[in-house]
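Given next are the chains, with one letter for each unit.
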Amino acid sequence: MADEPNLLGEYVRARRELVTPEQAGIPVFGVRRVPGLRREEVALLAGISADYYLRLEQGRDRNPSVQVLEAIARVLRLDDTATAHLLRLGADGPRRHRARPHRRKETVPPSITKLLATLPLPAMVEGRYFDVLAANPLATALSPRFTPGANRLRSLFLDPAEQALHPQWEKSSGGIVAAFREAVGTDTDDPGSSSWSVNSPGQPLFSRLWARHDVQSCGAAPKYLDHPRSAPSISTVSA
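The rules behind the values
- Each chain carries its own residue numbering, running from 1 in the written order of its sequence.
- Confidence filtering applies because this is a predicted model: local features only for residues at pLDDT of at least 70, side-chain atom pairs given and counted only at 80 or more, and all residues used for totals across whole chains, interfaces and linings.
- To get the side-chain values, take all heavy atoms of the structure and skip hydrogens and water.
- Throughout this description, the term nonpolar core refers to a set of buried Ala, Val, Leu, Ile, Met, Phe, Trp, Tyr and Cys residues connected via side-chain atoms within 4.5 Å.
- The cut-offs for exposure are 20% and 50% of the maximum accessible area for each residue type, with area from a 1.4 Å probe on protein chains only; residues under the lower value are buried, those over the upper are exposed, and the others partly exposed.
- In this text, helices come from DSSP runs of H or I with a minimum length of four residues, and strands from runs of E with a minimum of two, each type numbered from the N-terminal end.
- Between two residues, a contact is recorded if the distance between any of their heavy atoms is within 4.5 Å.
- For this analysis, a polar contact is any N or O atom pair within 3.5 Å, provided that within protein one partner can donate a hydrogen and the other can accept it, and provided that sequence-adjacent residues contribute only side-chain to side-chain pairs.
- For a helix, the expected span equals 1.5 Å multiplied by the residue count minus one.
- Throughout, the arc means the angular range of directions from the helix axis out to the C-beta atoms.
- Pairing between two strands is assigned when DSSP locates at least 2 bridges connecting them.
- We call Phe, Tyr and Trp rings a pair once their centres come within 6.5 Å, taking the six-membered ring for Trp, and we label the pair stacked below 30 degrees between planes, edge-to-face above 60, and tilted otherwise.
- Each ring is checked for a lysine NZ or an arginine CZ that lies within 6 Å of its centre and within 35 degrees of its normal; such an atom marks a charge sitting over the ring.
- For this document, the term salt bridge refers to a Lys or Arg side-chain nitrogen within 4 Å of an Asp or Glu carboxyl oxygen.

### Describing the nonpolar core
In this structure, I48, I72 and L86 are the most contacted members of the largest nonpolar core, which totals 26 residues. Residue contributions to this core peak at six residues, all from helix α5 (residues 66-75). Excluding anything up to four places from it in sequence, I72 contacts V12, A46, I48, Y53 and L56. With 15 residues, the next largest nonpolar core counts Y129, F157, F180 and V184 among its residues.

### Some details on the side chain of H166
Mapped onto the elements of the fold, H166 is located in the loop between α10 (160-165) and α11 (169-184). For H166, a relative accessible area of 19% puts it in the buried group. Here the side chain of H166 touches E162 through a polar contact of 3.1 Å, side chain to side chain. Sequence-distant contacts of H166, defined by excluding residues within four places in its chain, comprise L156, Y224 and L225.

### Digging into the environment of D131
When you line up the elements, D131 lands in the loop between β1 (123-126) and β2 (132-135). Taking the C-alpha atoms as reference, D131 lies 6.6 Å from G149; in sequence the two are 18 residues apart. A distance of 2.8 Å separates a polar atom in the side chain of D131 from a polar atom in the side chain of N151.

### Digging into the side chain of S173
One can find S173 in helix α11. A polar contact is formed between the side chain of S173 and the backbone oxygen of E170, at a distance of 2.8 Å. For S173, the residues in contact, after removing those within four places along its chain, are L156, F157, L205 and L209.

### Describing α11
Here α11 contains 16 residues, and its C-alpha end-to-end distance of 22 Å stays within 8% of the 22 Å for a straight helix at 1.5 Å per residue. Immediately beyond the C-terminal end of α11, within one or two residues, lies G185, with a positive phi of roughly 65°.

### Considerations on helix α12 (residues 204-212)
Among the residues making up α12, those that are buried are L205, F206, L209 and W210. Seen along its axis, α12 keeps its buried residues to an arc of 125°; they face one direction. In α12, the exposed positions angled more than 90 degrees off the buried face are occupied by P204 and R208. Residues of α12 that are buried make contact with α9 (152-158) and α11. Downstream of α12 by a residue or two, H213 has a phi angle that is positive, lying close to 60°.

### Brief notes about the pairing of β1
Side chains A123 and V125 of β1 all project onto a buried face; the interleaved residues M124 and E126 project onto the opposite face, where all are buried too. When β1 meets β2, the two strands line up antiparallel, connected through three bridges. Bridging across to β2, M124 finds its partner in A135. Two successive antiparallel strands, β1 and β2, enclose a turn made up of five residues, where F130 displays a positive phi of approximately 70°.

### Some words on the packing of aromatic side chains
This model, assessed by the stated rule, comprises six aromatic pairs. Relative to W169, the ring of F157 has its centre 5.9 Å away and its plane inclined at 85°; by these criteria the two rings are edge-to-face. With a gap of 12 residues between them, F157 in helix α9 and W169 in helix α11 connect regions that are remote in the sequence. In this structure, R152 packs its charged tip against the face of F130, placed 5.3 Å from the ring centre. Of note, R181 hangs over the ring of W210, and the distance from its end group to the ring centre comes to 3.6 Å.

### A closer look at the pattern of salt bridges
Summed over all chains, the structure comprises 11 salt bridges. A salt bridge links R55 to D61; the shortest N-O distance between them is 3.9 Å. Here R145 ties to E162 by a salt bridge, and the two come within 2.8 Å at their closest N and O atoms. Of this pair, R145 sits in the loop between α8 (137-142) and α9 while E162 sits in helix α10, placing them 17 residues apart in sequence. Pair check on accessibility: R145 and E162 agree, each one buried. A single salt-bridge network, built from bridges that share partners, covers R15, R212 and D214.

### Observations regarding unusual backbone geometry
The phi torsion at F130 lies on the positive side, around 70°, for a residue other than glycine. Residue F130 is classed as buried on the basis of its relative accessible area of 2%. Here Q168, not a glycine, exhibits a phi torsion of approximately 50°, which is positive. Along the polypeptide, Q168 turns up in the loop between α10 and α11.

Functional significance is not addressed by these values, which are geometric in nature.
Pasting the structure below:
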């Protein structure tokens, strides 16, 4: 299993490093050499052996129980969305020799496309990986990147013109990366994702945010753009 991705181990290790001893109620004496919690501290607080937790983090045990994962989630202070992501990673199991199911191409029904055209405000539909699947003329006028075939994540990280539309885009970009991770789930090697090329040495901000393993649901919420013509907010709907 050495050549298989260790998604569960990577996730709990990244989240462990973000929890301070103070948050976990652990007294601190002297200088700590690791960020966040130590492995044995997570194990102790979760009520499991340090050796078992080490095997989980190193990917040598990939079949933890739901109870174990929920205990680890509590120690790592995960919210409901992040806990659900952890359980999904734990349930995914070894991938070797598993055929990936055929993924249906994301499309927008003609009725939705017609509906978008009638709306008096910019609107678009995006797919699982933030590909723009449909957009009305007002959305495209708002930003040329809001057009079918574009990818909202790639545009935000690779296109300076798109970055200029978003107030403090570097601070708010963590939200879209966290939503992207939640959408991808366990399919980190899915070639259907057109956005993976932004995760490269040339994109340090994306790489840094991706390494945090933050997870956030992409719910309906207003998006604010700093448009030179005082554009309104734009609503997006996940397909």
